[in-house]
Each structure stands twice: as structure tokens, then as C-alpha cells.
Amino acid sequence: MRPKTPRRTLLLYWKATKGYRGWLSLHVLTVALATFFQNIVTPYLLAQGVRIMPDYLANAGNNFSDFFGLTITLYLGCQVGAWVFWRLSGWAVVVFEIGVMAKLDQANFDHL
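None of the values given here were measured: they were computed from a predicted structure.

What counts as what
Residues numbered from 1 in each chain as written. Predicted model: local features only at pLDDT ≥ 70, side-chain atom pairs only at ≥ 80, totals over all residues. Heavy atoms only, no water. Helix = DSSP H or I, 4+ residues; strand = E, 2+ residues; numbered from the N terminus. Buried < 20%, exposed > 50% of the residue type's maximum accessible area, 1.4 Å probe, protein only. Contact = heavy atoms within 4.5 Å. Areas by Shrake-Rupley, 256 points an atom, 1.4 Å probe, with all protein chains shown as cover. Lys, Arg positive; Asp, Glu negative; His and termini not counted. Charge placed at Lys NZ, Arg CZ, Asp CG, Glu CD. Phe/Tyr/Trp six-rings, centres within 6.5 Å; stacked < 30°, edge-to-face > 60°. Lys NZ or Arg CZ within 6 Å of the ring centre and 35° of its normal. Expected span 1.5 Å × (residues − 1).

Participant: Would you mind showing me how to read the overall build of the protein here?
Facilitator: When you go through the protein residue by residue, the secondary structure sums to three helices and zero strands. Counting from the amino terminus, helix and strand elements in the protein follow one another as α-α-α. Taking the principal axes of the C-alpha coordinates as reference, the protein spans close to 80 × 25 × 15 Å. In the protein, which comprises 112 residues, the share counted as buried stands at 20%. Across the protein, the fraction of contacts at a sequence separation of at least 24, relative to all contacts at a separation of at least 6, is 71%. Just so you have it, the protein exposes about 8,200 Å², and 68% of that area is on carbon and sulfur atoms. Looking at the protein, you have 10 positive and 5 negative side-chain charges, and the mean spots of the two groups are 21 Å apart.

Shown next as C-alpha cells:
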């Protein structure tokens, strides 16, 4: 089956993704989560740290970890979470691409 139109090409590709759509979904989900943690949560946490800085500086007796401990912990957690989600995304896309490309190659040979 040699596709003659873009629609048929996409249909052939969609058929080849059967059995690998879970990996595609995992890839899309983990990219969204990694982006959320890196681009939304992290700047929010940094803004929170900047917001509480004047209160910390106002009194010389304030303990640093009391003011910034939770913010720093959450920041590090977001960075680690984003890293984990990017790694999962890379793994999912590799498994997805290898499987789909193998099916497409087999479809080409079957056509011969």
C-alpha cells in the first residue's frame, strides 16, 4: 500500500502506531509534566523566595532554614521531578519510534 495522498500517509502511520500508543501517551504526558514543573512551578517558587526575602532581612535573628527551607526543598523537588519526567519522556519516545519505524519498514517490504 503506497500512499498517494497526505491523508493516506497519515493513515498508514496511524496504523503503524497500533500497539505503541501507550508509549506515545506516556511521552506526551511526561513532556507536559516536565514543562509544568520547570516553567510554571519553579518560577513561582523563586518568586515566593524573593517575596519573603524582606521579612528575612528585617530581623537579623531570623533563621535561614525557617524562612527558606520549604521553598528550597520544593524547588529542588521540582527540578528532580522535571529531570525524571524528561528521562521518562526520552525513553518512551525511543521505544515508540523504534517500534513504529520497524512496522513501517516491514509494511514497505510487504508491499514489494
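Participant: Would you mind showing me how to read the side chain of Ser89 here?
Facilitator: Counting through the fold element by element, Ser89 comes out in helix 3 (residues 64–111). Those residues within four positions of Ser89 in sequence are excluded, and the remaining contacts are His27, Thr30 and Val31.

Participant: Got a minute to help me understand the side chain of Thr17 in this structure?
Facilitator: Residue position: Thr17 is located in the loop between helix 1 (6–16) and helix 2 (21–58). Among the residues examined, Thr17 registers a relative accessible area of 1% and is labelled buried. Sequence-distant contacts of Thr17, that is, excluding residues within four places in its chain, are made with Phe96 and Val100.

Participant: Would you mind showing me how to read the packing of aromatic side chains here?
Facilitator: Aromatic rings considered in pairs are described by the distance between their centres and by the relative angle of their planes. Applying the stated criterion across every chain, the model contains eight aromatic pairs. Taking 4.9 Å as the distance between ring centres and 85 degrees as the angle between the ring planes, the aromatic pair formed by Trp23 and Trp91 counts as edge-to-face. Here Trp23, found in helix 2, pairs with Trp91, found in helix 3; they are 68 residues apart in sequence, far enough to count as distant. An aromatic cluster of at least three residues, connected via ring pairs, comprises Tyr56, Phe64, Phe67 and Phe68. For the cation-ring pair, Arg21 lies above Trp14, with the distance from its terminal atom to the ring centre recorded as 3.9 Å.

Participant: I'm lost on helix 3 in this one. Help?
Facilitator: Because an α-helix completes one turn every 3.6 residues, residues spaced three or four positions apart along the sequence face the same direction. Along its 48 residues, helix 3 runs 69 Å from first to last C-alpha, staying within 8% of the 70 Å computed at 1.5 Å per residue. Buried within helix 3 we find Phe68, Thr71, Cys78, Gly81, Ala82, Ser89, Ala92, Phe96, Gly99, Val100 and Leu104. Where the residues of helix 3 are buried, they touch helix 1 and helix 2.

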